[in-house]
Amino acid sequence: MSYITPIAKRKGLQLWGSPNEIFLVIAIAVLSLVIGFSNSVFFSIATPFDLLRSSLIEILFALGLLIVLVSGGIDISFPIVGIFAGYTTVVVMLHYGLDTYSLWIPLVIAAVVGALLGSVNALLIAGFGLPTLIATLGTASIFRGFLLSYVGSAYIANIPLGLDQFATADLISVETATGTLARLHVLVIPTLILAIALAWMMRRTMFGRTIFAIGGSEESARRMGMNVRWTKARIYILVGALSGIAGIIYVSLQRVADPYALAGTELGIIAAVVLGGASIMGGYGTVTGTVLGVLLINLIKDNLILLGIPGSWQRAAIGLMLLIGVVSQAISDNRRLKQAGTVTGEDKP
Amino acid sequence: MKDISRGLAQRLLSDRKLSQLIVVAIVVFAAFGILVPDVFLTPRNFVSMAFQIPEIALLALGVMLAMLTAGIDLSVVSMSNLAALSTAYLMVTQVTEGGGNVYLWIVIAIAIGIVVGLISGLANGAIIAGIGVTPILATLATLTLYNGIAVGIRNGQSITGLPPEFVAIGNGSLLGIPIPMVILLVAGAGVALYINKTGLGMQSLLVGANRDAATYSAIGVKKVLLLTYALSGGLSALAGLIIASRSASANPDYGSSYLLLAIVIVVLGGVNPYGGFGTVTGVIIATGVLQMVSSGFNALRFSQFYYQLAQGVVLVAVMVLNIYLDKQRLKAKREKAPKKP
């Protein structure tokens, strides 16, 4: 980046109250009211519960991606890492007769497999200095090819007992007026804890601050004596482990290990994180914004029918929404930079 | 062809990449020639490769143009499908129902398809240059949007039963050369001329090499970017039309694996992912190399997942090798250089 933004102007280091997050909250609220008044089915306790359930996996992936984006990189491989770890875990457990009720065993195996795959990314990006987009495009292709060629390409419906049971572990279940059960999955709590832990890590630890510094300006970070390479390596290994955990939980919630799943979801999650205010140029992004971004996208996705958009035009509607999201981000970034008086060229992003 | 002779004669870093690539091509060719000669070394195999190369090479050229300006175009496959679908829609509704002048309607439909590609590309350019959205995000959003429009037009269904006169284009040959290959060679020559001989083309390389410098050199960065992405859309549309013509159908979700393949080809072809450098020859040879790998794997009866694995390995290996060789060269240069007093 050829321009310098004063740190004080950047809202990346604070958790609450950036204009973008307020905007997201308002957008979610207004949209909910619009959907609700056009169709009263929406005003039910089931709606937020369903929204959370459909968003949880994406939030887990998005939090990992956020760290990468803040460091100034991008990761295309994370959904493949996730399903690789999830599927491999199930294969390994069934092969060694570990059909237990334990949840820790699959979580640990998946995290380890994810971290191993992440370390391949780390080697290429931190070790050899490959551009992150190209490196992770390559590894995504390698991981997927390897998974389907060597690990397996069949659906596994009888996943280990613990994972199967977890799929229906509800924190709260309420009977709604229509007689169906509205369920809030127990996963909400670990996800919340993880989000808070990550926010704390990003803001309060040396590692987290180094990530922001690298994303702001890699060269400056290096000259300040930060170990850029090692930090980057740790980022990709950590994201690998997070993706692995997200992958095994995805398998658990689906109650089937499908090696073809998740491929192609990366672009939507990148869009959600960017909508959440993270800068693709690095140096800026918040956990709260990311969570709100995922929730907003899923709110719209889940309710396009209620919004009166015919089924066949849903993808176009999502595309248009993404476009509005990235365009409004860019416009507000430009304005912020102009106010800071730091725009040097005419076409600064 | 001039590129090759010059590359072998001069020892520029740029053209060294090209000679490396030719060596890779020969090695791949020899390997499959020895492993599966009875399937790989047949005229039929080469003809089928010559029919398959153009569509993917055209998409790769589109990505290359964006990458030269230090951007990227992720929406190429969506644009090609949208263009193909528009053309197919027009042909199916006008040619069969109207029954008028078939050739006229085919020409009109093709023109409309290409215009659709150019407009989609221009829209990308406007979002990137006009509003200042990062290329990767802009084209990520339009990838979904264009795909969504293509799905919406016909409710997600593919269009089949295109007129035989149109299908003949993609499956026919001109003087023994498949027509898609002729289209690729003409388009490739056009892109090469644009990059090397026109002012705007040269400026697009400068924008990629150093955007700030380009801005201060009074280069119309916005104009260059607009044209770059519009051309990328046009090339994608050509690819889409070839696909539609070859398969006699148009599908909104065709070729979802082509995006990665196109990027792999562009990088393998020696285009600098940070912008500023790349050759058309490199991209076309790289397409040939990957098509040989694909055909060879088919001959060996490997699954498509091995091919995906191979694509990734090739991409990563080429990047790592380039970085390693650049370092070695830099070292050698430093040792050779006389010590400054």
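Throughout this description, residue numbers start from 1 for each chain and increase along the sequence as written. Each chain gets a letter, beginning with A, and each ligand a number, beginning with 1, in the order they are written. Totals for whole chains, interfaces and linings use all residues, but because this is a predicted model, local features are given only for residues with pLDDT of at least 70 and pairs of side-chain atoms are given and counted only at 80 or more. With hydrogens and water stripped out, all remaining heavy atoms of the structure feed into the side-chain values.

Caption draft 1: A look at the overall build of chain B. The secondary structure listing takes helices from DSSP runs of H or I that are at least 4 residues long and strands from runs of E that are at least 2 residues long, numbered from the N terminus. When its secondary structure is counted, chain B shows 15 helices and four strands. C-alpha atoms define the radius of gyration in this analysis, and the globule rule sets the expected value at 2.2 Å times the number of residues to the power 0.38. Computed over its C-alpha atoms, the radius of gyration of chain B comes to 21 Å, within 12% of the 20 Å expected for a compact globule of 341 residues. Counting only C-alpha atoms and orienting by the principal axes, one finds that chain B spans roughly 85 × 55 × 35 Å. To sort residues, take the accessible area from a 1.4 Å probe on protein chains only and compare it with the maximum for the residue type: under 20% means buried, over 50% means exposed, and anything in between is partly exposed. In chain B, which comprises 341 residues, the share counted as buried stands at 53%. Contacts between residues were defined by any pair of non-hydrogen atoms, one from each residue, lying within 4.5 Å. Of all intrachain contacts in chain B linking residues separated by at least 6 positions in sequence, the fraction that spans at least 24 positions is 77%. Accessible areas in this description were obtained via Shrake-Rupley with a 1.4 Å probe; residue shielding takes into account the shown protein chains only. Within the structure as shown, chain B displays about 14900 Å² of accessible surface, and the carbon and sulfur contribution to it stands at 67%. In this charge count, Lys and Arg are treated as positive and Asp and Glu as negative; neither His nor the chain ends contribute. Here the site of a charge means NZ on Lys, CZ on Arg, CG on Asp, or CD on Glu. With 21 positive and 11 negative side-chain charges, chain B shows a separation of 14 Å between the mean positions of the two kinds.

Caption draft 2: The arrangement of the pattern of salt bridges in detail. Residue and element names in this part refer to chain A. One side-chain nitrogen of Lys or Arg within 4 Å of one carboxyl oxygen of Asp or Glu is enough to make a salt bridge. Using the criterion set out here, one finds eight salt bridges over all chains in the structure. With a shortest N-O distance of 3.3 Å, Glu218 and Arg222 are connected by a salt bridge. You can see Glu218 and its partner Arg222 sitting in helix α9 (residues 218–223), four residues apart, about one turn around the helix. For Glu218, a relative accessible area of 30% puts it in the partly exposed group. Among the charged side chains, a salt-bridge network with shared partners connects Glu218, Glu219, Arg222, Arg223 and Lys232.

Caption draft 3: Structural detail: the interface of chain A and chain B. Facing 48 residues of chain A, the contacting portion of chain B comprises 49 residues. Here the buried area means the combined drop in accessible surface, using a 1.4 Å probe, for two parts upon being joined, counting both sides. With both chains or domains summed, chain A and chain B bury close to 4000 Å², and 74% of this area falls on carbon and sulfur atoms. Put simply, chain A and chain B have one salt bridge between them. Residue Arg315 of chain A pairs with Asp253 of chain B through a salt bridge whose shortest N-O separation is 3.2 Å. Under this definition, polar contacts are N or O atom pairs within 3.5 Å; protein pairs additionally need one hydrogen-donor-capable and one acceptor-capable atom, and for neighbouring residues in sequence, both atoms have to be side-chain atoms. The tally of links between chain A and chain B comes to three residue pairs in polar contact (both at pLDDT 80 or more). Taken together, the elements giving at least two residues each to the side of chain A that touches chain B come down to α5 (132–151), α11 (266–275) and α13 (314–339) of chain A. Among the elements that take part in the side of chain A that touches chain B, α5 of chain A stands out by supplying 14 residues, more than any other. Charged means Asp, Glu, Lys or Arg here, nonpolar means Ala, Val, Leu, Ile, Met, Phe, Trp, Tyr, Cys or Pro, and polar covers whatever is left, Gly included. The class makeup of the residues in the side of chain A that touches chain B is 31 nonpolar, twelve polar and five charged.

Caption draft 4: Local environment of the packing of aromatic side chains. Think of it this way: a Phe, Tyr or Trp ring, Trp meaning its six-membered ring, pairs with another when their centres are within 6.5 Å, and the plane angle makes it stacked under 30 degrees, edge-to-face over 60, tilted otherwise. The full count for this structure, using the stated rule, is 14 aromatic pairs over all chains. One aromatic cluster is present, formed by Phe84, Phe143, Phe146 and Tyr150 of chain A together with Phe29, Phe32, Phe40, Phe46, Phe297, Phe302 and Tyr306 of chain B through successive ring pairs.

Caption draft 5: A look at the packing of helix α4 (residues 43–68) of chain B against helix α14 (residues 280–299) of chain B. Residues and elements named next belong to chain B. Each axis is a line fitted through C-alpha atoms, and for a helix only the stretch in contact is used; angles between axes span 0 to 180 degrees, taken between their N-to-C directions. The interhelical angle for the contact between α4 and α14, taken along N-to-C directions, is 135 degrees, at an axis separation of 8 Å. Considering the angle they form, α4 stands oblique to α14. Crossing geometry of α4 relative to α14 is assigned as right-handed. Counted together, Asn45, Met49, Gln52, Ile53, Ile56, Ala57, Ala60, Leu61 and Met64 of α4 and Val280, Val283, Thr287, Gly288, Gln291, Met292 and Ser295 of α14 form the full contact between these two elements. A per-class count over the contact of α4 with α14 returns ten nonpolar, six polar and no charged. Small angles under 35 degrees read as roughly parallel and large ones over 145 as roughly antiparallel, with 65 to 115 read as roughly perpendicular and the rest as oblique. In this scheme the handedness of a crossing depends on how the near helix is turned from the far one: anticlockwise by less than a right angle means left-handed, clockwise means right-handed.

Caption draft 6: How the structure looks around the environment of Ala257 of chain A. Residue and element names in this part refer to chain A. One can find Ala257 in the loop between α10 (228–254) and α11. The exposure class assigned to Ala257 is buried, which follows from its relative accessible area of 0%. Sequence spacing of Ala257 and Val327 is 70 residues, and the spatial spacing of their C-alpha atoms is 37 Å. The contact partners of Ala257, leaving out residues within four places of it in the chain, are Tyr87, Val90, Ala154, Tyr155, Ile156, Ile159 and Val251.

Caption draft 7: Geometry of the confidence of the model for chain A. pLDDT is a residue-level measure of predictor confidence that goes from 0 to 100. The predicted model of chain A averages 83 in pLDDT, with 91% of residues at 70 or higher. Here residues 1–16 of chain A scores under 50 on pLDDT; set against residues more than four positions off or in separate chains, the count is 39 contacts.

Caption draft 8: Looking closely at unusual backbone geometry. A positive phi is found at Leu262 of chain A, a non-glycine position, where the angle reads about 70 degrees. With a relative accessible area of 11%, Leu262 of chain A lands in the buried category. The residue Ala70 of chain B is not glycine, and still its phi comes out positive at about 65 degrees. With respect to the secondary-structure elements, Ala70 of chain B resides in the loop between α4 and α5 (76–98).

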